[in-house]
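# Structural overview for review
Chain by chain, the residues:
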Amino acid sequence: MTDTAYSRQDFQTDQEVRWCPGCGDYTILASMQSFMAGLGVDPKDVVFVSGIGCAARFPYYMNTYGLHGIHGRAPAIASGLAVSRPDLSVWVVGGDGDMLSIGGNHLIHALRRNINLKLLLFNNQIYGLTKGQYSPTSEVGKRTKSSPWGSVDYPFNPISVALGSEATFVARTVDMDRDHTQQVLKAAYEHKGAAFVEILQNCNVFNDKAFIRLTSKEERDINRINLEHGKPVVFGPDDEWGVVIEGGTARLVDVSEVGIDAIHVHDAQADSPAAAFAISRLSHGPTGPTPFGIFRSVERAVYETELQQQIHHAQESRGPGDLAKLIASGGTWTVE
Amino acid sequence: MSEASTIDTSTETENVSAVAIRFAGDSGDGMQLAGARFTDASAIFGNDLSTFPNFPAEIRAPAGTLPGVSSFQIQIADRDILTPGDQPDVLVVMNPAALKANLGDLRPSGMLIINSDAFEERNLTKAGYATNPLDDGSLDSYRVLQVPMEELTQKAVEPSGIRGRGVLRSKNFFAVGLMAWIFNRPLEPTLEWIDKKFAREEEVREANRLAFKAGFNLGETTEMFRHTYEVRPADMAPGVYTNLTGNQGMAWGLVAAAQSAKLPLFYASYPITPASDILHDLSRLRNFGVRTFQAEDEIAAAGAALGAAFGGHLGVTGTSGPGLALKSETISLAIMMELPMIIVNVQRGGPSTGLPTKTEQADLLMALYGRHGEAPLPVVSASTPADAFHAAIEATRIAVKYMTPVILLSDGYIGTSSEPWLLPDLDTLPDISLPFAPPQEGEGPFLPYLRDETTLARPWAVPGTDGLEHRLGGLEKEDGTGNVSYDPKNHEKMVLLREQKVKRIADDIPLIEVTQDEDADIVVLGWGSTYGAVLAGIRRVRAKGYKVAHVHLRHMNPFPKNLGEVLARYDRILIPELNRGHLWRLIRAEYLLDPIQYSKVQGQPFKAAEIEAKLMELIGT
């Protein structure tokens, strides 16, 4: 961060943004540019890395450093960048196909290593760029061009995947809610280590209104469960419903029936991801009340910091590397 | 062996110029270790030497069976040698399976040292012997020395206090000790090694010391061994030497390259035989600032190296054949992004998992063409273990100067075998550093694809630099701006530009040199690890009075500018390769010449005798 005042325009490029009209990606882009400008992030220290897909065009539209990579491999490329350059703020942008299908392996390993990456999963539960096939987050029975009889694939719950990978920061937001998106992005930015953010994103061409129950005025208040650290997990227009966790399982209750003291108090900083995981199971795909916000935010050793420490310690104990000594280290003899 | 001369009254010491020794046993018998210890003692003694480890892919095949046989061959000489020897003069076998698997290679009337304790019925059956070769006369044409190594080791290590299964573990050191006596090796290097290696395991240390000395003393005190051999120190260029394997040479070469390029080294890899030792060696070098990254898979390793390259590090990924296949999409991206990156491929037998512990040169065409689209890149190859050091520096020089990924080919034979290396004067290493693009302010938009007129390289603009914010990626780039472009003409222009960039490297590499007899009718064109066997074979033919010219390639793409013209001077061009004719095909395609293909795909390096025979066949026709 610098003292320079930035505006959203400073983060915009001269490239024409080519998403479909009405795509949720526009809103996310605007949220990103605004949050970075507002926070005074210096564009020269920021890198956006992406894979392939609609979401993966994101770097072209951010006036920072950027790398539009190959399908699914963005977390791997970004890992190399972040590990070699801990001074940079490295962001990964991908879709549900990109990050959970072809790149699923790289995602879970970046999370478990706790590399200082901000991984944004734009989840629209469909393949957009390849024109409408079911994705790893599509619901069972979904009819698409590649599943005319209905998909028999069981979907991933991205938050559960991230928590299962023991990610140190896990959050969910939705494209339409700019304020919430910006809050979550800011928290991710400030997190030391791997931050996973699922952004529910509307694909108005191939999967329109997939999240309508979470965004429409009529339904959102009864379906959004806003997680706030240190507060009981309650929701509804008058906070009349809540979440209890029993035997490792979360379920929805009527607060007036169980009493407020029985309601689970959200602890994003809990050492164990178990409670957060239980909460993530409340909604498998946003078909009913769905938790939002920061599920988990804990501190754990950051990969590149640990590596830097090893270099530092090695240099302290052995002195800086001396190539002449190294090549003679395996035993030598002299020919006169 | 040649020229016997009596020196001692009690034993005869034969002075030999060169001798090849093979240790063979079960893969749990510690044969690689035995060979390595004997190698070090010989190196310190001052012999020239060359080694060839040969081991199964299985961690532990069933004990006593043929698939479980592991061997280590070393040739030691009082002169410059190029190979580990075609046929061992001496074969040490620890069990019947090792005898069966290796006897065919032993020189007629060669020396056979046998651990006779292992020749009991069960082992004989496992190895497929109907009768005991120690008794049935089948070994009569060799000089057989039967030694009850297990019994003697057991007795020798008793004072160490070691018990149970550990007792017989030391029998490899017994064998090394015996060989140390027969070949007049100094004891100290091995004893020092044992002390260091087992510093924390007193019983094991003591047991190995005792076994080693017992082996030596057996030779000294019994009359069983009437002969010892002396291979005098070789007449080598003065200087300080070390014994170097190719993987170690590669690792150190990468460190040297990074220093010469003034870049931090980032090495990302996924464990794979036989490339893993490069990762092992580099991961120890944290005090050099080396970052090693053991990725989740080969693709991630390539991606991480590319990410590091974007960040301004010397991004390197190392692998073997199947791993290169997985990395190919990322390499294509590196070509499109025009970032420097080194991809080390320690080739092995393929296809698929193939022969993971054996050597082959069959990835050359994949290195050149194994990508989608028009995706040319420079390819550099190493010839010997010590040459891997220099090849790494050359690959880096090209990568950084031309902003391109470079494939650096080694192979299993180079990677695991060893040779003495005259330590270079590090002050003479070239400065291959180039500046990053400088910060820019208010001078119009930064053009990430603006090219250097000579090299056609684009600037290396690293994140964190003011005013250079730019976006790279795999979509076709507009010339200059680097913006995404689908313009048909631009695509063709960029394809040709990337091609030209690689072709221009030919102006920046040495012309090919003909060695041996320039005025011969036949030229042998080689590349990579066949160097030693090819040259040794040529020497043999020349010793018979025939002329042979020799050309060896380091740069596989682009070729040296004069290669076609030089080859065209000869009536016949012989191209020996451990593949089905990769270079042969390239030379035909590139120069419309008709070279003679000499192919071997057995997972084994060429023998000098094979090259010799092929050349004699050609000379006779």
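This brings us to the nonpolar core. Residues and elements named next belong to chain B. L254, L282, L525 and L583 are the most contacted members of the largest nonpolar core, which has 160 residues in total. Here this core gets 11 residues from one element, more than from any other, and that element is helix α13 (residues 385–402). Ignoring any residue separated from it by four or fewer positions in sequence, one finds L254 in contact with L265, Y267, I278, L282, L314, V316, V344 and A392. By size, the runner-up hydrophobic cluster in this structure holds 52 residues, among which are I76, V167, L218 and Y241.

Here we come to unusual backbone geometry. All names here are of chain B. Between G350 and the following residue, P351, the backbone shows a cis peptide bond with an omega angle of 0°. With respect to the helices, strands and loops of the structure, P351 is situated in the loop between β13 (341–347) and α12 (364–369). Residue P558 follows N557 across a cis peptide bond; omega there is -10°. With respect to the element layout, P558 can be found in the loop between β21 (555–557) and α17 (563–568). Here the phi dihedral of E338 falls at roughly 50°; this positive angle occurs in a residue that is not glycine. Within the fold, E338 resides in the loop between α11 (321–337) and β13.

Each partner contributes residues to the interface: chain B has 68 residues there, and chain A has 59 residues. Summing both sides of the interface, chain B and chain A together bury roughly 5100 Å²; the carbon and sulfur share of this comes to 62%. By the criterion of area lost to chain A, the three top residues of chain B are N287, E296 and R471 of chain B, representing 14% of everything that side buries. Here chain B is connected to chain A by 1 salt bridge. Two residues, E296 of chain B and R113 of chain A, come together in a salt bridge whose shortest N-O distance is 2.8 Å. Across the contact surface, chain B and chain A share 27 residue pairs in polar contact (both at pLDDT 80 or more). When residues of the side of chain B that touches chain A are traced back to their parent elements, those giving at least two are α1 (31–45), β9 (239–245), α8 (246–260), β11 (291–294), α10 (298–310), α11, β16 (418–422) and β17 (471–473) of chain B. A per-element tally of the side of chain B that touches chain A places α10 of chain B first, with 7 residues. Across the side of chain B that touches chain A, the residue classes break down as 38 nonpolar, 20 polar and 10 charged. As judged from the 3 bridges shared by strand β2 (residues 65–68) of chain A and β17 of chain B, these two strands associate in the parallel manner.

This part takes up the confidence of the model for chain B. Residue and element names in this part refer to chain B. With 98% of its residues at a pLDDT of at least 70, chain B reaches an overall mean of 93. In the predicted structure, residues 1–9 sits below a pLDDT of 50 and forms 17 contacts with residues beyond four places in sequence or in another chain. Two numbers describe this predicted complex: its pTM, 0.91, and its ipTM, 0.96.

Moving on: the pattern of salt bridges. All names here are of chain B. Overall, the coordinates contain 43 salt bridges over all chains when judged by the stated rule. With its nearest N and O atoms 2.9 Å apart, the salt bridge here joins D89 to R107. Of this pair, D89 sits in the loop between β4 (69–77) and β5 (90–93) while R107 sits in the loop between α2 (96–102) and β6 (111–115); the two residues are 18 residues apart in sequence, bridging distant segments of the chain. What makes D89 buried here is its relative accessible area of 5%. Overall, R107 belongs to the partly exposed group, its relative accessible area being 33%. Several salt bridges converge on common partners, so that one network encompasses D86, R540, K544 and E612.

Residues and elements named next belong to chain B. On the basis of which strands lie adjacent, the open sheet formed by 7 strands has the order β11-β10-β12-β13-β15-β14-β21 and mixed pairing. Edge positions in the sheet fall to β11 and β21, since each has one partner strand and no second. Averaged over all pairs of adjacent strands, the angle between their axes in this sheet comes to 20°, without regard to strand direction. Here strand β12 (residues 314–319) pairs with β13 via 4 bridges, running parallel.

Moving on to the sheet that holds strand β10 (residues 249–254) of chain A. All names here are of chain A. Here 3 strands make up an open sheet; going across it, the order is β8-β9-β10 and the pairing antiparallel. Edge positions in the open sheet fall to β8 (234–235) and β10, since each of these has one partner strand only. The pairing of strand β9 (residues 241–246) with β10 spans 6 bridges and is classified as antiparallel. Paired with G242 across the strands is V253, a residue of β10.

About the criteria used
- Residues numbered from 1 in each chain as written.
- Chains lettered and ligands numbered in written order.
- Predicted model: local features only at pLDDT ≥ 70, side-chain atom pairs only at ≥ 80, totals over all residues.
- Heavy atoms only, no water.
- Core = buried A, V, L, I, M, F, W, Y, C linked by side-chain atoms within 4.5 Å.
- Buried < 20%, exposed > 50% of the residue type's maximum accessible area, 1.4 Å probe, protein only.
- Helix = DSSP H or I, 4+ residues; strand = E, 2+ residues; numbered from the N terminus.
- Contact = heavy atoms within 4.5 Å.
- Buried area = accessible area lost by both parts, 1.4 Å probe.
- Salt bridge = Lys/Arg side-chain N within 4 Å of Asp/Glu carboxyl O.
- Polar contact = N/O pair within 3.5 Å; in protein donor to acceptor, adjacent residues only side chain to side chain.
- Nonpolar A, V, L, I, M, F, W, Y, C, P; charged D, E, K, R; others polar.
- Pairing = 2+ DSSP bridges.
- pLDDT = per-residue confidence, 0-100.
- Axes fitted to C-alpha atoms, helices over the stretch in contact; angles between N-to-C directions.

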